[in-house]
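Summary of the model geometry
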Amino acid sequence: MDTRRVYTVADLASHVGGTLFGQDSTVITAATSLEAAHANAIVFAEGRQALRRALGTPAGAIISDVRPDVLGPPVPGGRPFPAVIFASRARRAMAEACQLLFEGYPREAVGRHPTAVVDPTATLGEGVAVGPHVVVGPRCRVGGRTTLRAGVVLDEGAAVGDDCYLFPGVVIGPNCVIGARSIIHPNAVVGGEGFGFVAGEDYVTKQPQFGRVVVGTDCEIGACCTLDRGTFDDTVLGDDVKLDNLVQVGHNVRIGSHVQVSAQTAFAGRAEIGDYALIAGQVGIYNGIRVGERGRVKARAGVLRNVPPGGDVWGHPARGSRAAIRETLLIERLPKMARELERLRARVAALENAEGPRGT
Amino acid sequence: MDTRRVYTVADLASHVGGTLFGQDSTVITAATSLEAAHANAIVFAEGRQALRRALGTPAGAIISDVRPDVLGPPVPGGRPFPAVIFASRARRAMAEACQLLFEGYPREAVGRHPTAVVDPTATLGEGVAVGPHVVVGPRCRVGGRTTLRAGVVLDEGAAVGDDCYLFPGVVIGPNCVIGARSIIHPNAVVGGEGFGFVAGEDYVTKQPQFGRVVVGTDCEIGACCTLDRGTFDDTVLGDDVKLDNLVQVGHNVRIGSHVQVSAQTAFAGRAEIGDYALIAGQVGIYNGIRVGERGRVKARAGVLRNVPPGGDVWGHPARGSRAAIRETLLIERLPKMARELERLRARVAALENAEGPRGT
Amino acid sequence: MDTRRVYTVADLASHVGGTLFGQDSTVITAATSLEAAHANAIVFAEGRQALRRALGTPAGAIISDVRPDVLGPPVPGGRPFPAVIFASRARRAMAEACQLLFEGYPREAVGRHPTAVVDPTATLGEGVAVGPHVVVGPRCRVGGRTTLRAGVVLDEGAAVGDDCYLFPGVVIGPNCVIGARSIIHPNAVVGGEGFGFVAGEDYVTKQPQFGRVVVGTDCEIGACCTLDRGTFDDTVLGDDVKLDNLVQVGHNVRIGSHVQVSAQTAFAGRAEIGDYALIAGQVGIYNGIRVGERGRVKARAGVLRNVPPGGDVWGHPARGSRAAIRETLLIERLPKMARELERLRARVAALENAEGPRGT
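None of the values given here were measured: they were computed from a predicted structure. (Residues numbered from 1 in each chain as written. Chains lettered and ligands numbered in written order. Predicted model: local features only at pLDDT ≥ 70, side-chain atom pairs only at ≥ 80, totals over all residues. Heavy atoms only, no water.)

1. Some details on the packing of aromatic side chains
In total, this model carries 21 aromatic pairs over all chains according to the counting rule given. Summarising the aromatic geometry, the rings of A:Phe195 and A:Phe197 are spaced 5.1 Å apart at their centres and angled 70° between planes, so their arrangement reads as edge-to-face. Side by side, A:Phe195 and A:Phe197 carry an identical accessibility label, which is buried. Note on B:Tyr105 and B:Tyr165: the rings are 4.8 Å apart at their centroids and 50° apart in plane angle, and the pair reads as tilted. Highlighted residues: B:Tyr105 in the loop between helix 3 (90–101) and strand 8 (111–112) and B:Tyr165 in strand 17 (residues 165–166), separated in sequence by 60 residues. Residue class for B:Tyr105 comes out buried when judged on its relative accessible area of 14%. Among the aromatic side chains, those forming a connected cluster through ring pairs are A:Phe102, A:Tyr105, A:Tyr165, A:Phe167, C:Phe210 and C:Phe232. Above the face of the A:Tyr203 ring, B:Arg92 is positioned so that its terminal group lies 3.6 Å from the ring centre. Positioned over the ring face of B:Tyr276 is B:Arg294, at 4.3 Å from the centre of the ring. (Phe/Tyr/Trp six-rings, centres within 6.5 Å; stacked < 30°, edge-to-face > 60°. Buried < 20%, exposed > 50% of the residue type's maximum accessible area, 1.4 Å probe, protein only. Helix = DSSP H or I, 4+ residues; strand = E, 2+ residues; numbered from the N terminus. Lys NZ or Arg CZ within 6 Å of the ring centre and 35° of its normal.)

See below:
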């Protein structure tokens, strides 16, 4: 899909702080893959080989971590070279160029759609767009320029900050708080009731949940995520937390800032995650477990023991990734080990026999 | 978050059947954590150490499984002691006190919101609250005092019992049944179509699903759970079943009563779960597998073999927890075992050499 | 649940291409389990034993892969035999008979419900049924005879083909495409934004997502599934793809045709799945991994390495199922192996001692 914004290569190079090689006046209207590149497209190429391939496409510009002058003589054929924007953090530069080119999310009209139901005690900031069939409950607050897409429900007392964007079907639970500039994807539930029951031999008693979910600024919460309110205190996400789809956040979980979490991961009650942690997909963090700052949890790990700051774990139970990988590969050698053990036993028995009867 | 209900410590002690030590007239308006305790708060303390800490907070009352008089002399400082309610099942007592203090879920106005669409052939009990944008299909029945929050959809023929509470975005499939006093959390789907296809070399043929989902009384179903209708017979949940978020229940699963299931667990088709079973999070129960009464399945287990009544399993494939833990810890010793095996082989070879040439 | 359609046994036998034994004029109105069989029901029996049991029920007809005349003399008692439709692919025949008997999904009235919000730039085909509280955005296209149930949202530019059925709460993202005859179950999200961030030491930069989700014809997408749009190119599902509930499809995943995927499986970004692949539940396919045509991935596998066409894998890391099962069973023997290793070491040491002091 192309975008409608128009920049020159020079605009983009300057925006991303890169060094420009070649044509600076080419007009760029879209970011594409190498396969879909066209004369007004910018593409991304990491490494020499990718840059060579990119130079062979009709792309108007390339962002790369390789300077084109290290590649040697230009590609033959006479076709004008694409411009190359060199940036040492090329992926980030490409993301920033894409942000410029991205036309943004669908725009709801500012104001309240006639089918929306907004409680008279709710307060809406300037420039808020309230879509069709939205419900804003009593005492809710919605910050300036925030968009509530079709069917969003803010339960009573919920507060959504400035410049947020809530996609269709999102539900925000009672008294929950969403920080400024946060984005919540379709059908996510922020502020369901925590799962708390006291069970004995012959009873299951419900523990009511008094806390809220409090989400910081600049967060993203994926489609069909479920974040539960805390039992007494709150469930808390810091700033700039990015959750992929179908992530479960149990009651009283505390996630720091700048944390990324991939799809289908679950945080059991009271887990604590440090800043800049990177949690992959289908991970389970057990009750009350801590993952330290900049900790990395690899895909499908089950984390039963705390992860120290900067730690890198995998497996179930999760342990240092390198050890876990080594051990896991040995599982594939178990049949061979079992056979060797059998053979050794026979050889030892033969030696014992040769030596004559013994006490043991 | 504080609550608005007001009780004295004596009220609470009597309600939970506990023994009261200290002030009985303190007014309690809220249940909090130790950290957030205040003079009108009740807190929970399990064990001597926690009780000592709780006594040092400004809490007005404490529920504990420890009698304060066993702690020895009172804390110095002259501050009036918090009252202590001793109860042998202290967690349950705390939950019951909290139920008293909990102000309940947000209340929809009784009657039908003007934006709701209720089929004329549907029947609604006394005191039913139908929220904005709700849809109640043909031949549906809704029991007395039940609340349907914003955007709930009851598909044709669905029946919801008395005193139920369906949070926003819940969808109940055609002809499905929800028992009295059940709670369904946002965006859950009870009664999607079972996943049934017959596949061969060159075809995938759909097997239509004729069954329903039938949920007992006093159940809770978490946010974004998906419960599928049965193929010919029904998918059945007993009474007092509590499902956390994002739980998948396949067609023709039968779950007994008083069962608790944590988040992201999946029950494949025809699984059967006995009463009082406790199933942790991210568990997978394979097709047709039975978990006996009071069986416990620990987190992330994959259950391929039946679990006997009272059994306790972990791992994938799930097996007795103690064995599974012992075996799993040995995986971490595999590199060492492999090295030892190597060394032993060398030593045996040396012994064989020393003994002279042999037949093997 | 019974159905309302009425056929004779002869009709059904001819529809499924089976060989009829017994009464051909019995009227069949329902498909049931053996337990719920009645005189107007057709039931399914695979294998001799099941057929014998089925013959003992009051069912009016049986579909079986066993010819009744191989069973020997008829069941005593004088009750008229149920008719038996013999079909070598009996499961498929039963599914086809059920399709005939199935009364179909709930029907929305053709036309636009007065509460629906349809953008004037959207185009709707003949016979489209738009339910209550539906939102159809700018430039959307909806094919003929398609049903949009309550609360469905088509975001701007989305295109849904002919004869589709979207259950309540489904959200289709901007510019996404759904092929003809596809079915999408409640609260599924097709076309959420891909999860793309570039992270460094002290930043998390968003990578906007320009692609779409493009779903082929005859697909089914389960309740609360989440399919993400591609980064530059599209996320693509072929024809006749069947996804169970709560499945995650990351950006730029490409799934072939006739693929079945069970519940809670996740495809990380750029995974590629060949035609006729069969992916079980709770599976994780890692970034960029390929599963070849007719590949089978068993339940809960974590697929880190490509699966060749026709391959059959299990475990985490997934590997050939037979090897994975053998190795996994050996894990349960690890404690025994550890003890044996210990004993062998002692025996070798004893032998070494007996032989006198040695260099090593």
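2. Looking at the pairing of strand 7 (residues 83–86) of chain A
Two faces, one strand: in a regular strand the side chains alternate between the faces of the sheet. Residues and elements named next belong to chain A. Residues Ala83 and Ile85 point to one face of strand 7 and Val84 and Phe86 to the other, with burial holding for every one of them. Judged from the 3 bridges that link them, strand 2 (residues 19–21) and strand 7 form a sheet pairing that is antiparallel. What sits directly across from Phe21, in strand 7, is Val84. Two strands pair when backbone bridges link them, and strand 6 (residues 61–64) and strand 7 are joined in this way by 4 bridges, in the parallel orientation. By the bridge assignment, Ile63 is partnered in strand 7 with Ile85. (Pairing = 2+ DSSP bridges.)

3. So, the interface of chain B and chain A
With 67 residues of chain B at the interface, the matching set in chain A holds 69 residues. Taken together, both faces of the contact between chain B and chain A bury some 5,700 Å²; the carbon and sulfur share is 63%. A salt bridge links B:Glu220 to A:Lys206; its shortest N-O distance comes to 2.5 Å. Here chain B is connected to chain A by 26 residue pairs in polar contact (both at pLDDT 80 or more). Elements that contribute at least two residues to the side of chain B that touches chain A include exactly helix 3, strand 28 (242–243), strand 31 (260–261), helix 4 (321–331) and helix 5 (334–355) of chain B. (Contact = heavy atoms within 4.5 Å. Buried area = accessible area lost by both parts, 1.4 Å probe. Salt bridge = Lys/Arg side-chain N within 4 Å of Asp/Glu carboxyl O. Polar contact = N/O pair within 3.5 Å; in protein donor to acceptor, adjacent residues only side chain to side chain.)

4. Observations concerning the relation of the copies chain B and chain A
The two copies are related by a screw operation: chain B maps onto chain A through 120° of rotation and 0.0 Å of translation along the axis, at an RMSD of 0.0 Å. What the superposition gives is, in effect, a three-fold axis relating one chain to the other. (Least-squares fit on C-alpha atoms with pLDDT ≥ 70 in both.)

5. Considering the sheet that holds strand 20 (residues 183–184) of chain A
Strands sit in the order 8-11-14-17-20-25-28-31-34-37-39-40 (chain A) across an open sheet of 12 strands; the sheet is mixed. The open sheet has two edge strands, strand 8 (111–112) and strand 40 (319–320) of chain A, and neither has a second partner.

6. So, empty space enclosed by the protein
With the rule as written, the count across this model stands at 8 cavities of 30 Å³ or more. What the largest cavity holds in volume is close to 890 Å³. Taken together, 31 residues make up the lining of the largest cavity; nearest its centre are A:Arg300, A:His316, B:His316, C:Arg300 and C:His316. Of all the secondary structure elements, the ones that give two or more residues to the lining of the largest cavity are helix 4 (321–331) of chain A, helix 4 of chain B together with helix 4 (321–331) of chain C. A breakdown of the residues in the lining of the largest cavity according to their chemical character gives 10 nonpolar, 15 polar and 6 charged. The wall of the second largest cavity is formed by 28 residues, among which A:Gly151, B:Gly151, B:Gly169, C:Gly151 and C:Gly169 lie closest to the centre. Residue composition of the lining of the second largest cavity, grouped by class: 16 nonpolar, 12 polar and no charged. (1 Å grid on protein atoms, 1.4 Å probe; cavity = no way out; pocket = protein on both sides within 12 Å on 5 of 7 lines; lining within 4 Å. Points joined across faces, edges and corners; volume = space filled by probe spheres on them. Nonpolar A, V, L, I, M, F, W, Y, C, P; charged D, E, K, R; others polar.)

7. Observations concerning the sheet that holds strand 21 (residues 189–192) of chain C
Residues and elements named next belong to chain C. If you walk across this open sheet you meet the 10 strands as 9-12-15-18-21-26-29-32-35-38, and the pairing is parallel. Among the strands making up the open sheet, the edge pair consists of strand 9 (117–118) and strand 38 (302–303). Bridging between strand 26 (residues 226–228) and strand 29 (residues 248–249) involves 2 bridges; their strand directions are parallel. Each residue of the ladder has a partner; that of Leu227, found in strand 29, is Val249.

8. So, the environment of A:Arg339
All names here are of chain A. When you line up the elements, Arg339 lands in helix 5 (residues 334–355). With a relative accessible area of 48%, Arg339 lands in the partly exposed category. In the structure, Arg339 is positioned 221 residues away from Val118 in sequence and 72 Å away in space, judged by C-alpha atoms.

9. Comments concerning the pattern of salt bridges
Side-chain pairs of opposite charge can arise whenever the charged atoms involved come near each other. Tallied over the entire structure, the rule returns 62 salt bridges over all chains. A salt bridge links B:Arg290 to B:Glu272; the nearest nitrogen and oxygen atoms lie 3.9 Å apart. Of the two residues, B:Arg290 is situated in strand 36 (residues 290–291) and B:Glu272 in strand 33 (residues 272–273); the sequence distance between them amounts to 18 residues. A relative accessible area of 47% means that B:Arg290 is categorised as partly exposed. Accessibility expressed as a relative area gives 30% for B:Glu272, which makes it partly exposed. Here C:Lys206 makes a salt bridge to C:Glu193, at a shortest N to O gap of 2.9 Å. With C:Lys206 in strand 23 (residues 204–206) and C:Glu193 in the loop between strand 21 and strand 22 (197–199), this pair connects stretches of sequence that are 13 residues apart. Just as C:Lys206 is buried, C:Glu193 falls in that class too.

10. As for the interface of chain A and chain C
Contacts between chain A and chain C engage 67 residues on the former and 69 residues on the latter. Counting each side, the surface lost to burial between chain A and chain C is near 5,700 Å², with a carbon and sulfur contribution of 63%. Joining chain A to chain C, the criterion identifies 6 salt bridges. Between A:Arg345 and C:Glu340 there is a salt bridge, with the nearest N and O atoms lying 3.0 Å from each other. In this structure, the connection of chain A to chain C is made through 23 residue pairs in polar contact (both at pLDDT 80 or more). Put simply, the parts of the chain that give the side of chain A that touches chain C at least two residues each are helix 3 (90–101), strand 28 (242–243), strand 31 (260–261), helix 4 and helix 5 of chain A. For the side of chain A that touches chain C, the element with the highest residue contribution is helix 5 of chain A, accounting for 12 residues.

Honestly, that's just the spatial picture; any functional story needs more than this.
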